[in-house]
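# Observations on the three-dimensional arrangement
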Amino acid sequence: MALPSAYAQYNNSKILTASPAELTLMLYEGAIKFCNIAIVAVEQKDIEKAHNNIIKTERIIDYFRQTLDMKYPVAQDFERVYTYLAQRLTQANIKKDKEILEEVNQHLRDMRDTWKQVMAQNKQ
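So, here's what we can say about the structure.

Here is what the cut-offs are and how they apply
Residues numbered from 1 in each chain as written. Predicted model: local features only at pLDDT ≥ 70, side-chain atom pairs only at ≥ 80, totals over all residues. Heavy atoms only, no water. Helix = DSSP H or I, 4+ residues; strand = E, 2+ residues; numbered from the N terminus. Buried < 20%, exposed > 50% of the residue type's maximum accessible area, 1.4 Å probe, protein only. Contact = heavy atoms within 4.5 Å. Areas by Shrake-Rupley, 256 points an atom, 1.4 Å probe, with all protein chains shown as cover. Axes fitted to C-alpha atoms, helices over the stretch in contact; angles between N-to-C directions. Parallel < 35°, antiparallel > 145°, perpendicular 65-115°, else oblique. Left-handed = near helix turned anticlockwise from the far one by under 90°. Expected span 1.5 Å × (residues − 1). Phe/Tyr/Trp six-rings, centres within 6.5 Å; stacked < 30°, edge-to-face > 60°. Patch = residues over 30% accessible without salt bridge, like charges linked within 9 Å, V, L, I, M, F, W, Y side chains within 5 Å. Salt bridge = Lys/Arg side-chain N within 4 Å of Asp/Glu carboxyl O. Core = buried A, V, L, I, M, F, W, Y, C linked by side-chain atoms within 4.5 Å.

This part takes up the overall build of the protein. Looking only at helices and strands, the protein has five helices and zero strands in total. For the protein, the N- to C-terminal ordering of α and β elements is α-α-α-α-α. If you line up the protein on its principal axes, its C-alpha atoms span 45 × 45 × 25 Å. For the protein, the proportion of its 124 residues judged to be buried stands at 31%. Taking the contacts inside the protein whose residues are at least 6 apart along the sequence as the reference set, 61% of them involve residues at least 24 apart. Working note: accessible area of the protein is about 8300 Å², and carbon and sulfur atoms make up 55% of it.

Take the packing of helix H3 (residues 47-66) against helix H4 (residues 73-95) next. In contact at an axis separation of 10 Å, H3 and H4 are set at 165 degrees when each is read in the N-to-C sense. Put simply, H3 runs roughly antiparallel to H4. For the pair H3 and H4, the sense of crossing is left-handed. Here His-51, Ile-54, Ile-55, Thr-57, Glu-58, Ile-61, Phe-64 and Arg-65 of H3 lie close against H4, whose contacting residues are Glu-79, Tyr-82, Thr-83, Leu-85, Ala-86, Leu-89, Thr-90, Ala-92 and Asn-93.

End to end, H4 covers 34 Å across 23 residues, agreeing with the expected 33 Å (1.5 Å per residue, within 8%). When we look at burial in H4, the residues that qualify are Ala-75, Tyr-82, Leu-85, Ala-86, Arg-88, Leu-89, Ala-92 and Asn-93. Downstream of H4 by one or two residues, Lys-96 has phi in the positive range, about 50 degrees.

Moving on, we get to the packing of aromatic side chains. According to the stated counting rule, one finds three aromatic pairs in the structure shown. Taken together, a centroid distance of 4.6 Å and an interplanar angle of 35 degrees make the contact between Tyr-28 and Phe-64 tilted. Of this pair, Tyr-28 sits in helix H2 (residues 20-43) while Phe-64 sits in helix H3, and the two are 36 residues apart along the sequence. Taken as a pair, Tyr-28 and Phe-64 share a single burial class, namely buried.

Residues Tyr-72, Val-74 and Phe-78 make up a contiguous nonpolar surface patch of about 280 Å² in total accessible area. As for its placement among the helices and strands, Phe-78 is situated in helix H4. Assessed through its relative accessible area of 31%, Phe-78 is described here as partly exposed.

Our focus in this paragraph is the nonpolar core. Judged by nonpolar contacts, the single largest core of 26 residues is most densely connected at Ile-61, Tyr-82, Leu-101, Val-104 and Leu-108. For this core, the elements supplying multiple residues, two or more each, are H2, H3, H4 and helix H5 (98-123). Here this core gets nine residues from one element, more than from any other, and that element is H2. In contact with Tyr-82, not counting residues within four places along its chain, are Tyr-28, Ile-61, Phe-64, Arg-65, Leu-68 and Met-111.

Below is the structure:
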């Protein structure tokens, strides 16, 4: 069995030492990355690659939904947003629609940027 590369070891240690807020940020970054890959795959007519990366994005969104603490009113707002994004990703996957993926990606970037602001405010 080969030893993991230095990059893989670094990423593993980065995840293991991250705070919950940093892990959430990493998940947003991952969803954006997979959505970007899916967009390029749709443009290149690589159906399997598009499908696989849309599914990866859907799994992250689903994880966000599953981890919401519904005792807070804002969680219901996030539930609605995540439900909408999941529906749009399903439509994008069925149609292999680049515009839908770009819409979802913009929402993900906005949410990531808001999350970064929250993190910065909490450090102060």
